[in-house]
Amino acid sequence: MLLRLWQYLSARRRKQFFLLTLLMMSSSIAEIISIGAVLPFIAMLTAPDKVFNHELIQPLVQFLGIVQPDELMLPLTVIFCSGTVLAGAMRILLLYSNTRLSYAAGADLSIDIYRRTLYQSYSVHVKRNSSEVINAIIVKTGVLIRDTLMPILTIVSSLMILCAISFSLLFIDPYIALAAFGSFGVIYGCIVFITRQRLKKNSISVAKQSDLTMKSLQEGLGGVRDILLDASQETFCKMFRHADLALRKAQGSNLIMAGSPRYAMEAVGMILISVLAYSMAKKPGGAVEALPILGALALSAQRLLPVLQQIYASITSIKGSQASLQDTLAMLDQKMQPSTVTSPLDFKRKIHINNMSFRYDDNTPWVVKNLSLQIPRGKKFGFIGTTGSGKSTLLDIVMGLLEPTEGELLIDGVAVNNANARGWHAHIAHVPQTVFLADSSIAENIAFGCPKNKIDLDRVKEAASQAQISEVIESLPEKYDTFVGERGVRLSGGQRQRIGIARALYKDADVLIFDEATSALDTETENAVMQTIDALSNEFTILIIAHRLSTLRCCNQIVELKNGNISAIGSYEGLIGQNNDLVAVT
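Everything numeric here is computed off the predicted structure, so don't read it as measured data.

A. Up close: the overall build of the chain. Within the chain, the regular secondary structure consists of 22 helices and 10 strands. Going through the 586 residues of the chain one by one, you find that 45% of them count as buried. For the chain, long-range pairs separated by at least 24 residues make up 76% of all intrachain contacts whose partners lie at least 6 apart in sequence. Element-wise, carbon and sulfur atoms account for 59% of the exposed surface of the chain, whose accessible area totals about 30,500 Å².

B. The arrangement of the packing of aromatic side chains in detail. Counted according to the given criterion, the structure contains four aromatic pairs. Seen in terms of ring centroids, tryptophan 6 and phenylalanine 18 are 5.9 Å apart; in terms of plane orientation they differ by 80°. Their pairing is edge-to-face. Highlighted residues: tryptophan 6 in helix α1 (residues 2-7) and phenylalanine 18 in helix α2 (residues 11-46), separated in sequence by 12 residues. Residue phenylalanine 18 is classed as exposed on the basis of its relative accessible area of 55%. Plain terms: the ring middles of phenylalanine 347 and tryptophan 424 are 5.5 Å apart, the flat faces sit at 85° to each other, and that makes the pair edge-to-face. With phenylalanine 347 in the loop between α13 (322-332) and β1 (350-358) and tryptophan 424 in helix α15 (residues 421-425), this pair connects stretches of sequence that are 77 residues apart. On the basis of relative accessible area, phenylalanine 347 is assigned to the buried category, the value being 4%. In textbook terms, an aromatic cluster arises when at least three aromatic residues are bridged by ring pairs, as seen for Trp6, Phe17 and Phe18.

C. Region of interest: the side chain of threonine 541. Tracing the backbone through its elements, the reader meets threonine 541 in strand β8 (residues 541-545). Of note is the side chain of threonine 541, whose polar atom sits 2.8 Å from the backbone nitrogen of glycine 378. Ignoring anything within four residues of it in the chain, the contact list for threonine 541 reads Phe347, Ile375, Pro376, Arg377, Gly378, Lys379, Asp510, Val511 and Leu512.

D. Summary view of the sheet that holds strand β7 (residues 511-515). Overall, mixed pairing links the six strands, which are arranged β6-β7-β8-β3-β9-β10 in an open sheet. With partners counted over all chains shown, the strands left at the sheet margins are β6 (428-431) and β10 (565-570), one partner each. Geometrically, the sheet is characterised by an average inter-axis angle of 20° between neighbouring strands, direction not taken into account. Judged from the four bridges that link them, β6 and β7 form a sheet pairing that is parallel. Opposite histidine 430, over in β7, you have isoleucine 513 as the bridge partner. Across the sheet, helix α14 (residues 391-398) is in contact with β3 (380-384), β6, β7, β8 and β9 (557-562); its angle to β8 comes to roughly 155°.

E. Molecular detail of the pairing of β8. The buried count for β8 comes to five of five residues, which makes it a mostly enclosed element. Pairing geometry for β3 and β8, over four bridges, is parallel. Its bridge partner being in β8, lysine 380 is matched across the sheet by isoleucine 542. Here five bridges tie β7 to β8, and the two strands are oriented parallel to one another. In the strand pairing of β8, valine 511 is matched with threonine 541.

F. Local environment of the sheet that holds strand β5 (residues 414-415). Reading across from one edge, β2-β1-β4-β5 is the order of the four strands in this open sheet, with antiparallel pairing throughout. The open sheet is flanked by β2 (368-376) and β5, the only strands paired with a single partner. Two strands pair when backbone bridges link them, and strand β4 (residues 406-411) and β5 are joined in this way by two bridges, in the antiparallel orientation. By the bridge assignment, isoleucine 411 is partnered in β5 with valine 414.

G. Quick look at the confidence of the model for the chain. Looking at the chain as a whole, its pLDDT mean stands at 76, while 80% of the residues score no less than 70. Counting contacts from residues 580-586, a segment whose pLDDT is below 50, to residues more than four positions away or on other chains yields 13 contacts.

H. Representation of a nonpolar patch on the surface within the structure. Side chains of Leu19, Leu22 and Met25 sit close together on the surface and give an oily, nonpolar patch of about 300 Å² of accessible area. Position of leucine 22 among the secondary structure elements: in helix α2.

I. Local environment of the environment of leucine 212. As for its position among the elements, leucine 212 is in helix α8 (residues 174-222). Given a relative accessible area of 36%, leucine 212 falls into the partly exposed group.

J. Here's a closer look at the pattern of salt bridges. Here the structure, examined in full by the defined rule, presents four salt bridges. Between aspartate 333 and arginine 4 there is a salt bridge, with its nearest N and O atoms 2.3 Å apart. Remark: arginine 4 occurs in helix α1 and aspartate 333 occurs in the loop between α13 and β1; sequence separation between them is 329 residues. A salt bridge links arginine 13 to aspartate 108, with the nearest nitrogen and oxygen atoms 2.6 Å apart.

K. Quick look at unusual backbone geometry. Of note in this structure, lysine 479 is not a glycine but carries a positive phi near 50°. Summarising the element assignment, lysine 479 is placed in the loop between α18 (470-474) and α19 (493-506).

L. Broad picture of the packing of helix α5 (residues 73-118) against α13. Packing of α5 against α13 brings their axes to within 8 Å, and their N-to-C directions diverge by 50°. In terms of axis orientation, α5 runs oblique to α13. The segment α5 lies against α13, with Leu109, Asp112, Ile113, Arg116 and Thr117 engaging Thr328, Met331 and Leu332. Here the contact of α5 with α13 is built from residues that sort into four nonpolar, two polar and two charged.

M. Molecular detail of the state of the cysteines. A full pass over the atoms with the stated rule returns zero disulfides. Looking at the unpaired cysteine 555, the closest cysteine sulfur is the one in cysteine 554, lying at 4.4 Å. The class of cysteine 555 is buried, set by a relative accessible area of 7%.

N. Seen up close, the nonpolar core. Ranked by internal contacts, the top residues of the largest apolar core, which has 42 residues, are Ile446, Val460, Phe514, Ile544 and Ile558. Mapped onto this core, the elements with two or more residues apiece are β6, α16 (442-446), α17 (457-466), α19, β7, α20 (523-535), β8 and α21 (572-578). If one sorts the elements of this core by residue count, α19 sits on top with six residues. In contact with isoleucine 544, other than residues within four places in its own chain, are Phe381, Gly382, Phe383, Phe514, Met530, Ile533, Leu552, Cys554 and Cys555. One finds Leu345, Leu395, Trp424 and Ile428 within the second-largest nonpolar core, a separate group that totals 30 residues.

Rules of the game
Residues numbered from 1 in each chain as written. Predicted model: local features only at pLDDT ≥ 70, side-chain atom pairs only at ≥ 80, totals over all residues. Heavy atoms only, no water. Helix = DSSP H or I, 4+ residues; strand = E, 2+ residues; numbered from the N terminus. Buried < 20%, exposed > 50% of the residue type's maximum accessible area, 1.4 Å probe, protein only. Contact = heavy atoms within 4.5 Å. Areas by Shrake-Rupley, 256 points an atom, 1.4 Å probe, with all protein chains shown as cover. Phe/Tyr/Trp six-rings, centres within 6.5 Å; stacked < 30°, edge-to-face > 60°. Polar contact = N/O pair within 3.5 Å; in protein donor to acceptor, adjacent residues only side chain to side chain. Pairing = 2+ DSSP bridges. Axes fitted to C-alpha atoms, helices over the stretch in contact; angles between N-to-C directions. pLDDT = per-residue confidence, 0-100. Patch = residues over 30% accessible without salt bridge, like charges linked within 9 Å, V, L, I, M, F, W, Y side chains within 5 Å. Salt bridge = Lys/Arg side-chain N within 4 Å of Asp/Glu carboxyl O. Parallel < 35°, antiparallel > 145°, perpendicular 65-115°, else oblique. Nonpolar A, V, L, I, M, F, W, Y, C, P; charged D, E, K, R; others polar. Disulfide = S-S within 2.5 Å. Core = buried A, V, L, I, M, F, W, Y, C linked by side-chain atoms within 4.5 Å.

Here is the structure:
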């Protein structure tokens, strides 16, 4: 999975990771210098004459022109302090670089997931829970940064520092170095082996419960009106509590397993140094001879134990986030299929639905079955039928959002498919039953998807006037700059629908599709909007779904759907005369 993750990193990030390894190597060298400098410094405190006459110190003595042993104290102090400051500075720089690069790479991956998700076909979106997508983009990529990318960099840098410390210890005393690494390595290895199953279980729980937490939040906040009316707050609180407690428990368990070995290792390290000090004090020369080595070993242990703990904690973190990494990779694996055709398809004659059938998958019933229909350009077609008769699905297929399971959609004889669907989409503007409004200005919602600095305000006003909403907007203090609130909460249902209609009219499209777009309007406003639609130029091809037959008076043809097929077709007057069921809903 880590190799797969590496493939999704940009060339720029990969280059930065390689440059970071050079910084890690420099930090390791600084560790060697800081540990190596402690030996002559402590030895100078206990045996200055011996240090002064040591062959390795002679080049420094000659360079500085030192003639007395006590004159060597200041240079060695400066060297020791400089080495310590250098090592500390390199560690801070490494931490800064690791963190910045991890979060930058995480941002790249979040953007990539979002882009790949938006480029999925409509059929993929209708099968997917949006809370899972939001959770993957926001939460799980955060887990990826914190529990995968940063730990990987920590492991690499810690291993380099570990090698540097090991080299220093082997130079000082190889037997002690091997004993230290052997004891620490065995203990950490046993802990990793013991906790591996628990970490795997926790990783699955974290991934699953984070999805459920996001889902319960979305459902609770999205349905807050019904929750308040039904007084069902406790039901949703319990749903959230159940998911959130399980999530926090798994996360806390991972943290405990990652951090607890540190304290045992510190005790083992102190015991090791104590035993070593006792054994060395018994040798000829006693504590005076042992003190420089013990000082270097103590400093090495002080650096070594945190490094070993960082490696172990990073491994634990990666294993504990394995399921979240797998879910993130699944989102990154989404294949983007942008249309290869950017110019609009030619549409001068007709839309032809040819023997079309559709169902969402092999295990679901047919929504549309063996349906054929021709819609000439410039005509108004209405669609009516009971709930579940296939009206909205049929128009989703006509818009090129869903691909027919059988049959085909032809535009002037050209079949619409994945390769040219974008060319057909350029002709279409859609007003759904429930219009989505962003928490931005009215002008930005009418020109939805258009950058703010490129909005044509004259076209916005014209579209608002055609949708019978301009008077309401002009009466507001900030007019077209008025913010509508999240999902248009500051507007009435009828006003939201009319802004949706204005949005469709703002788009430079010649096929307008109204999916029960007037169902939320009062009769007077609906009649005014339908009169506006009726007055539109014959350059527009208009398809309207409605529950009331009277809404479709302006249509040239009305199609009644039943069980996914056409049960009747004709003019308004003709259908009224031959179908008593339709008379009942006029």
